[in-house]
Amino acid sequence: MTGSLSPKWTGTAFLAALVLFPLFATPFWIVQIGAQTMILGIIALSLVWLAGYGGMVSMAQLVTAGLASYVVAYFGVQSDPALGLRLPWGLNIVLAIAAGTAFGIAVGMIAVRCFGIYMIMITLAIAVAFFYLARQNMGFFNAYNGFHGIRAPALFGLNLRDPIAFYYLCLLCGVTLFGFVVAAARTPFGLALQGIRDNPRRMQSLGYNVAVHRVLAFGIAGFIAAIGGVLRVWYAGSVSPGSVGVGSSISILMIAILGGMTHPIGAFVGALLFNLIQNFAIDFIDRERFNTMIGIILLAIILFMPSGLVGIADRLRQDDKRGDRPPRQTAPNAGKKSPNIREGNHP
Amino acid sequence: MEADIRFFLTVTLNGLTLAALYFLVASGFTLVFGLMRVLNLAHGVVYLFGAYVGFNVMEATENWALAIIVGGIAGAVFGLLVHLAILSWMPGQELRQTLATIAVSVIAADLMIAKWGGLSYQIEIPDILFGSQTLPFVGRYPIFRLALLGFAVGVGFLLWLMLNRTRLGMMIRAGVDDRDMLAAMGTNVPAVFVAVAALGAFLAGVAGVIGGSALAISPGEDTRVLLSSLVVVIVGGLGSVGGAAVGAILVGLAEQFGLAYTPTYGVVYTFAIMVAVLAMRPQGLFGAGA
């Protein structure tokens, strides 16, 4: 009884805390920590969805969000008068989310036949190529400069640039998408996706179209990441090649690893931890050496606390071996049934 | 018209010399992957580390050959450390190993910025390779780039010799095909792993010094090199040294032609090749059949 109730109560209390948080927090905490955690969490959520339920670790989630940011900038109001189209309000957001979804599907179609680390490699190549394209292309990406002066709109008398309003917007998106992922995992599609994660061949022989499921999962991830990208460009006010660099792509992976990829909540937990480290590390070490510290933390988690990771690592390992040769060496726990993701505990 | 042909040939040569550099980097990457199934994403920082060490050696001794050797050894030591301290503790866990190499490259790239700063360096080219040579049709072309081409061919030949004519090469080839059987035959497979990890990192370090002479050394080069290695081995087929050579030539030529004829879309061609190959042969041109 308590087993089924306690996560629910924890969740409710957690949500209440998130809603009430701006009442007693400073603007720094509301925006820098609160809103940014939600934004990073949403982008990481798209990775956790792919990796946790689909067994596909994609390094291209941040650039998917980045593309959405660029679309918001290009088709909306920004400071460079020579560039972009100033479409009526709202249209650029629709376009951005559509572009992110389409990009996600495209990445999925490129990577669909790859499993495990091959998937990482190809999506990483896509992410790096996107960065170089953004840096070189003048027509759409405005090369080195990128776009500046992008601001969240004011609508229905509510100014979304206001810290508290913006925080609630991010919170609303984050909670909705979290619920969306949890619900999507329970649909027939989500269950089939998890089946494909665990044993693509068996699902294939049961009549499921493995490729279509995987590509659609990428499309959904693209949709989630695109929303994160829209919020991110409003938060930052600008988008440039620096915001879609490899370092940022790796940050998203770090967030997912920090939080664990076995449950969608991991994305937000990881984002909060990452964000706190990023903001308060300067109190302990030289700001310039932030990457060293976060890298060491990441390495330590990979080495000593792989619990969140091992389930997926094992699963992906089985995927790697899929088909091409009989399993060679099986770790003692590799054949073990994976923990039921949908009943994972809230922290 | 003649100018067009000359331009075309110069671009082709540029592409081939770039391919030479890519081959040097990617050969180690693909060798390590082929045997150990480890996607070593720290390969780029090994390259950069080799380049920085080579630069310091060159500054101190003015001896380019020594810089290459020391740069290579520095790379090998780095690669060995990563292998022994981290990767060998999680054998067979490919995803975890890959993530660990990402963490290593984040740390190493940051520490190298701390040590060498954000400046861009270039390793001095020795006098003997300085200047240019008149070639038929092409006109004057830098000697260093021609030497780079020759060097890559030489390294490729040595690798081929090592893989096909030595005992270690035999063990590596056997390990690529079936690790367990190789171990059952009495070979110390972990020792072969150590040797290959060192060899792959040595090649990356050497490539760093050469790349640092031909181009420049600066933070961020590690990512660029990693991208080209990734694309080269994806195109050529993971684990195949011959595939790395073909992949490097394709990518090098595509990049230079893209740069020369449609300057803003250089990367797109590289990427288009990768997508085309993946669509037709997901295992790469020379990869083992799936």
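How each quantity is defined
- Residues numbered from 1 in each chain as written.
- Chains lettered and ligands numbered in written order.
- Predicted model: local features only at pLDDT ≥ 70, side-chain atom pairs only at ≥ 80, totals over all residues.
- Heavy atoms only, no water.
- Helix = DSSP H or I, 4+ residues; strand = E, 2+ residues; numbered from the N terminus.
- Buried < 20%, exposed > 50% of the residue type's maximum accessible area, 1.4 Å probe, protein only.
- Contact = heavy atoms within 4.5 Å.
- Areas by Shrake-Rupley, 256 points an atom, 1.4 Å probe, with all protein chains shown as cover.
- Expected span 1.5 Å × (residues − 1).
- Polar contact = N/O pair within 3.5 Å; in protein donor to acceptor, adjacent residues only side chain to side chain.
- Axes fitted to C-alpha atoms, helices over the stretch in contact; angles between N-to-C directions.
- Parallel < 35°, antiparallel > 145°, perpendicular 65-115°, else oblique.
- Left-handed = near helix turned anticlockwise from the far one by under 90°.
- Nonpolar A, V, L, I, M, F, W, Y, C, P; charged D, E, K, R; others polar.
- Patch = residues over 30% accessible without salt bridge, like charges linked within 9 Å, V, L, I, M, F, W, Y side chains within 5 Å.
- Salt bridge = Lys/Arg side-chain N within 4 Å of Asp/Glu carboxyl O.
- Buried area = accessible area lost by both parts, 1.4 Å probe.
- Core = buried A, V, L, I, M, F, W, Y, C linked by side-chain atoms within 4.5 Å.
- pLDDT = per-residue confidence, 0-100.
- Phe/Tyr/Trp six-rings, centres within 6.5 Å; stacked < 30°, edge-to-face > 60°.

Some points on the overall build of chain A
Phase 1 of the analysis: Looking only at helices and strands, one finds 13 helices and 2 strands in chain A.
Phase 2 of the analysis: By the burial criterion, 57% of the 347 residues in chain A qualify as buried.
Phase 3 of the analysis: For chain A, the proportion of contacts with a sequence separation of at least 24, taken over those separated by at least 6, is 75%.
Phase 4 of the analysis: Here chain A displays about 14600 Å² of accessible surface, and carbon together with sulfur accounts for 67% of that area.

A closer look at helix α10 (residues 246-259) of chain A
Side chains that are three or four residues apart share a direction in an α-helix, a result of its 3.6 residues per turn.
Residues and elements named next belong to chain A.
Phase 1 of the analysis: Between its first and last C-alpha, α10 extends 20 Å over 14 residues, near the 20 Å set by a 1.5 Å rise per residue.
Phase 2 of the analysis: Buried residues dominate α10, accounting for 12 of its 14 residues.
Phase 3 of the analysis: Of all the positions in α10, only V246, S248, S249, I250, S251, I252, L253, M254, I255, A256, I257 and L258 are classed as buried.
Phase 4 of the analysis: Of the residues one or two after α10, G260 is the one with positive phi, at around 95°.

Side note on the side chain of N275 of chain A
Residue and element names in this part refer to chain A.
Phase 1 of the analysis: Mapped onto the elements of the fold, N275 is located in helix α11 (residues 265-280).
Phase 2 of the analysis: A distance of 3.1 Å separates a polar side-chain atom of N275 from the backbone oxygen of Q32.
Phase 3 of the analysis: Not counting residues within four places of it along the chain, the set of residues in contact with N275 comprises Q32, I33, Q36 and T37.

A short note on the packing of helix α2 (residues 43-61) of chain B against helix α4 (residues 94-116) of chain B
Residues and elements named next belong to chain B.
Phase 1 of the analysis: Relative orientation of the contacting elements α2 and α4 amounts to 20°, with a least axis distance of 10 Å. In terms of orientation, α2 lies roughly parallel with respect to α4. In terms of crossing hand, the pair formed by α2 and α4 is left-handed. Of α4, the residues touching α2 (which contributes V45, L48, F49, Y52, V53 and N56) are S105, A108, A109, M112, K115 and W116.
Phase 2 of the analysis: For the contact of α2 with α4, the per-class residue count stands at 9 nonpolar, 2 polar and 1 charged.

Quick word on a nonpolar patch on the surface
Residue and element names in this part refer to chain A.
Phase 1 of the analysis: A contiguous nonpolar patch, built from L15, V19, L20, L23, F24 and V175 and spanning about 580 Å² of accessible area, is present on the exposed surface.
Phase 2 of the analysis: Sorting elements by how many residues they give to the nonpolar patch places helix α1 (residues 2-24) first, with 5 residues.
Phase 3 of the analysis: Within the element layout of this structure, L15 appears in helix α1.
Phase 4 of the analysis: Taking relative accessible area as the criterion, L15 reaches 38% and is therefore assigned partly exposed.

Some remarks on the environment of D222 of chain B
Phase 1 of the analysis: The residue D222 of chain B is located in helix α9 (residues 221-236) in this model.
Phase 2 of the analysis: Those residues within four positions of D222 of chain B in sequence are excluded, and the remaining contacts are G44, V45, L48 and A109 of chain B.

Here we look at the interface of chain A and chain B
Phase 1 of the analysis: With 45 residues of chain A in contact, the opposing surface of chain B contributes 49 residues.
Phase 2 of the analysis: Both faces combined, the contact of chain A with chain B buries some 4200 Å², and carbon together with sulfur accounts for 72% of it.
Phase 3 of the analysis: The interface formed by chain A and chain B includes 0 salt bridges.
Phase 4 of the analysis: The tally of links from chain A across to chain B stands at 3 residue pairs in polar contact (both at pLDDT 80 or more).
Phase 5 of the analysis: Listing elements by their share of the side of chain A that touches chain B, those giving two or more residues are α5 (117-136), α10, α12 (290-304) and α13 (307-321) of chain A.
Phase 6 of the analysis: Looking at the side of chain A that touches chain B element by element, the count peaks at 13 residues for α5 of chain A.
Phase 7 of the analysis: Split into classes, the residues belonging to the side of chain A that touches chain B amount to 32 nonpolar, 6 polar and 7 charged.

As for unusual backbone geometry
Phase 1 of the analysis: We note that E62 of chain B has phi near 60°; this positive angle belongs to a residue other than glycine.
Phase 2 of the analysis: With respect to the helices, strands and loops of the structure, E62 of chain B is situated in the loop between α2 and α3 (64-85).

Considerations on the pattern of salt bridges
Residue and element names in this part refer to chain A.
Phase 1 of the analysis: Using the criterion set out here, one finds 2 salt bridges over all chains in the structure.
Phase 2 of the analysis: Note that D198 is salt-bridged to R197, the shortest N-O span being 2.9 Å.
Phase 3 of the analysis: The class of D198 is partly exposed, set by a relative accessible area of 34%.
Phase 4 of the analysis: R197 sits in the buried class, given a relative accessible area of 3%.

Observations regarding the nonpolar core
Phase 1 of the analysis: Counting residues in hydrophobic clusters, the biggest one holds 209 residues, and the most contacted among them are W49, L231 and W234 of chain A together with M274 of chain B.
Phase 2 of the analysis: Here this core gets 16 residues from one element, more than from any other, and that element is helix α2 (residues 27-54) of chain A.
Phase 3 of the analysis: In contact with W234 of chain A, not counting residues within four places along its chain, are V72, I93, I150, R151, A152, P153, F166 and L169 of chain A.

Some thoughts on the confidence of the model for chain A
In regions of low pLDDT, the predicted coordinates are not meant to be interpreted in detail.
Residue and element names in this part refer to chain A.
Phase 1 of the analysis: Chain-level pLDDT for chain A is 80 on average; 84% of the residues reach the 70-or-more range.
Phase 2 of the analysis: Per-element confidence in chain A is highest for helix α9 (residues 210-236), whose mean pLDDT is 95, and lowest for α13, whose mean pLDDT is 48.
Phase 3 of the analysis: Within the model, pLDDT remains below 50 along residues 1-5, and this stretch shows 1 contact once partners closer than five positions in the same chain are excluded.
Phase 4 of the analysis: A low-confidence stretch, residues 309-314 (pLDDT under 50), is modelled with 14 contacts involving residues beyond four sequence positions or located in other chains.

What to know about the packing of aromatic side chains
Phase 1 of the analysis: Summed over the entire model, instances satisfying the criterion amount to 27 aromatic pairs over all chains.
Phase 2 of the analysis: Ring geometry for Y70 of chain A and F147 of chain A: centres 6.2 Å apart, planes at 75°, overall edge-to-face. Here the residue Y70 of chain A occupies a position in helix α3 (residues 61-75), and F147 of chain A occupies one in the loop between α5 and β1 (154-155), the gap between them amounting to 77 residues. When sorted by exposure, Y70 of chain A lands in the same class as F147 of chain A, which is buried.
Phase 3 of the analysis: Judged by centre distance (4.6 Å) and plane angle (5°), the ring pair of Y52 of chain B and W116 of chain B falls under stacked. Highlighted residues: Y52 of chain B in helix α2 and W116 of chain B in helix α4, separated in sequence by 64 residues.
Phase 4 of the analysis: With relative accessibility at 11%, the residue W116 of chain B sits in the buried group.
Phase 5 of the analysis: An aromatic cluster is built from Y70, Y74, F75, F103, F130, F140, F141 and F147 of chain A, whose rings are joined through pairwise contacts.

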